[in-house]
Amino acid sequence: MKILVIGTGAREHALVRALAADPQVTDLHAAPGNPGIGALAQLHAVDPVDGDAVAALATSLAADLVVVGPEAPLVAGVADAVRAAGIPVFGPSAAAARLEGSKAFAKEVMAAAGVPTAEPRVVTNADEAAAGLDAFGAPYVVKDDGLAAGKGVVVTSDRDEALAHALACLDKPDGRVVIEDYLDGPEVSLFVLSDGSTVVPLVPAQDFKRALDGDEGPNTGGMGAYSPLPWAPEGLVEEVVATVAQPTIDEMRRRGTPFVGVLYVGLALTSRGTRVVEFNARFGDPETQVVLARLATPLAGVLMAAATGALDALPPLQWRDEAAVTVVVASHGYPGTVRAGDPISGVQDAEAIDGVHVLHAGTALRQAPAGDDDAALREAQLVAAGGRVLTVVGVGADLAAAREAAYAGVEQIDLPGSHHRTDIARAAAGQ
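Residues numbered from 1 in each chain as written. Predicted model: local features only at pLDDT ≥ 70, side-chain atom pairs only at ≥ 80, totals over all residues. Heavy atoms only, no water.

### As for helix α10 (residues 236-254)
Move 1: Along its 19 residues, α10 runs 26 Å from first to last C-alpha, staying within 8% of the 27 Å computed at 1.5 Å per residue.
Move 2: At Ala242, α10 shows its strongest bend, of approximately 40°.
Move 3: Those residues of α10 that are buried are in contact with α6 (98-101), α7 (103-113), β10 (187-195), β11 (199-201), β16 (260-270) and β17 (273-280).
Move 4: Gly256 lies just past α10 and shows a positive phi near 85°. (Helix = DSSP H or I, 4+ residues; strand = E, 2+ residues; numbered from the N terminus. Expected span 1.5 Å × (residues − 1). Bend = angle between axes of the 7 residues up to and from the residue. Contact = heavy atoms within 4.5 Å.)

### Quick word on the environment of Pro298
Move 1: Take Pro298: it is sitting in the loop between α11 (287-294) and α12 (299-307).
Move 2: Exposure remark for Pro298: the relative accessible area of 41% places this residue in the partly exposed category. (Buried < 20%, exposed > 50% of the residue type's maximum accessible area, 1.4 Å probe, protein only.)

### Let's talk about unusual backbone geometry
Move 1: Looking along the chain, the bond that leaves Ala138 and enters Pro139 is cis, with omega of -10°.
Move 2: Structurally, Pro139 can be placed in the loop between α8 (126-136) and β7 (140-144).
Move 3: In this structure, Pro228 follows Ser227 across a cis peptide bond, with omega equal to 5°.
Move 4: Tracing the backbone shows Pro228 in the loop between β15 (224-227) and α10.
Move 5: A positive phi angle, near 55°, is found at Ala62, a position not held by glycine.
Move 6: Inspection of the secondary structure assignment puts Ala62 in the loop between α3 (51-61) and β4 (65-68).
Move 7: Its identity is not glycine, yet Asp215 carries a phi of approximately 55°, on the positive side.

### Concerning empty space enclosed by the protein
A water-sized probe, rolled over the atoms, reveals where empty space remains.
Move 1: As enumerated under the stated definition, the model contains three cavities of 30 Å³ or more in all.
Move 2: One number sums up the size of the largest cavity: a volume of about 80 Å³.
Move 3: Leu99, Glu100, Lys103, Ala106, Lys107, Met110, Lys143, Glu180, Val277, Glu278, Phe279 and Asn280 are the residues that line the largest cavity.
Move 4: Going through the elements one at a time, α6, α7 and β17 are the ones with two or more residues in the lining of the largest cavity. (1 Å grid on protein atoms, 1.4 Å probe; cavity = no way out; pocket = protein on both sides within 12 Å on 5 of 7 lines; lining within 4 Å. Points joined across faces, edges and corners; volume = space filled by probe spheres on them.)

### Considerations on the pairing of strand β18 (residues 323-330)
If a strand is regular, its side chains alternate between the two faces of the sheet.
Move 1: Counted residue by residue, β18 has eight buried out of eight residues, so it is predominantly covered.
Move 2: Here β18 shows two buried faces, one formed by Ala323, Val325, Val327 and Val329 and the other by Ala324, Thr326, Val328 and Ala330.
Move 3: Bridge analysis of β15 against β18 gives four bridges, and the strand direction is antiparallel. Paired with Ala225 across the bridge in β18 is Thr326.
Move 4: Across eight bridges, the pairing between β18 and strand β22 (residues 388-396) is antiparallel. Within β22, the residue paired with Val329 across the bridge is Leu390. (Pairing = 2+ DSSP bridges.)

### Focus: the sheet that holds β4
Move 1: Strand order in the open sheet formed by five strands is β3-β2-β1-β4-β5, and the pairing between neighbours is parallel. Edge positions in the sheet fall to β3 (42-43) and β5 (89-90), since each has one partner strand and no second.
Move 2: Pairing of β4 with β5 involves two bridges; the strand directions are parallel. From the neighbouring strand, Val66 faces β5, where its bridge partner is Val89.

### A few points about the sheet that holds β15
Sheet strands associate in pairs through backbone hydrogen bonding, adopting either a parallel or an antiparallel arrangement.
Move 1: Strand order in the open sheet formed by five strands is β12-β15-β18-β22-β19, with antiparallel pairing between adjacent strands. Edge positions in the sheet fall to β12 (206-207) and β19 (356-360), since each of these pairs with one other strand and no more.
Move 2: With five bridges connecting them, β19 and β22 associate as antiparallel partners. What sits directly across from His360, in β22, is Leu390.
Move 3: In this fold helix α1 (residues 10-20) packs onto β19 and β22, with an angle of close to 125° to the strand it touches most, β19. (Axes fitted to C-alpha atoms, helices over the stretch in contact; angles between N-to-C directions.)

### Observations regarding helix α14 (residues 399-412)
Move 1: For α14, which comprises 14 residues, the first-to-last C-alpha distance of 20 Å matches the rise-based estimate of 20 Å (1.5 Å per residue) to within 8%.
Move 2: Looking at α14, one finds that the buried residues are Leu399, Ala402, Arg403, Ala405, Ala406, Tyr407, Gly409 and Val410.
Move 3: Elements that come into contact with the buried residues of α14 comprise β15, β18, α13 (347-351), β19 and β22.

So this is what it looks like as structure tokens:
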């Protein structure tokens, strides 16, 4: 199989890494990719949200499958353009990707499908926002209706902060905000693959959204994750498939917009039962990094089955017994104004540790100035080029061992001004 992966982050690096290990994959391409992905796949300088350009690239490569990683290309209709070119694609249409592109739409679908979720109120102006906050009370949950790179949600007991976030979201063109009831209890991420009809769940994971230890600090795109979840109730996956995933996929098909790809189901295990926090239309980051580290079934055939309506014929997925933990190394200032260009070293040292691999997120290669007499200095330097720079994955016999491996890898990474959480999976590992 010849496969083209669209995207630039650690999620895409994890996908490429899994595909590169699949003996069925004979040729691997990525657009635009990153330096880590470039070690495993041929990179192409194509705008990932330009559907026509992606479809043209896939056609020129004679790709057997296109895998669209991030949400922005999906909402922009890149999968539609590739399908129109006659190439199988793993990723929902723009119409189906509205499950992530509009939180109000997702709530509408959940209501129609009878999916348990937080009670929402969709608001379009400041007066409605203030009334919504007062109706639900603290803790306040305020969500930007549209895409916000994983940082569109504020959960706070400070009404002024909640209202300020709502007003900032409303200030955007066609701005809408979803204010909803607060869901107590631990959160779980579950990915389910869909070919438009059949649903195949992966294993659950948990991520850490806050920037600082102890779930303090501002919300981020995710600072780490782990799997499995030893505290998760027995039968959770089966319950979510029956009460959330399958009804949602059935409702999308009923609407004439079948969902093909991976549906990210964000859950809260509340005192009133399991509730949906949010849907995403793609693999989550950083949960993908730990879920794929545990997947024993070769990935290419699984993604192709979803893209071609053949999940019902897929043998049961096989999973490794090991646990996996990933820790994000973030650049100076993240999640606020980040500093780019800081040099990165120690990646090879980290990967020399047993059970450790490093996935690139916001990295770039900087060429030394021409004319330098020192040949070594003329080699390209790996530098930070985003907020979340690297994710270090540790795999071990249990969560404690996986956690030890991941943090041993992090200790080898040198990135001036960087920060990371030190408590990823600590409680779950009993430490």
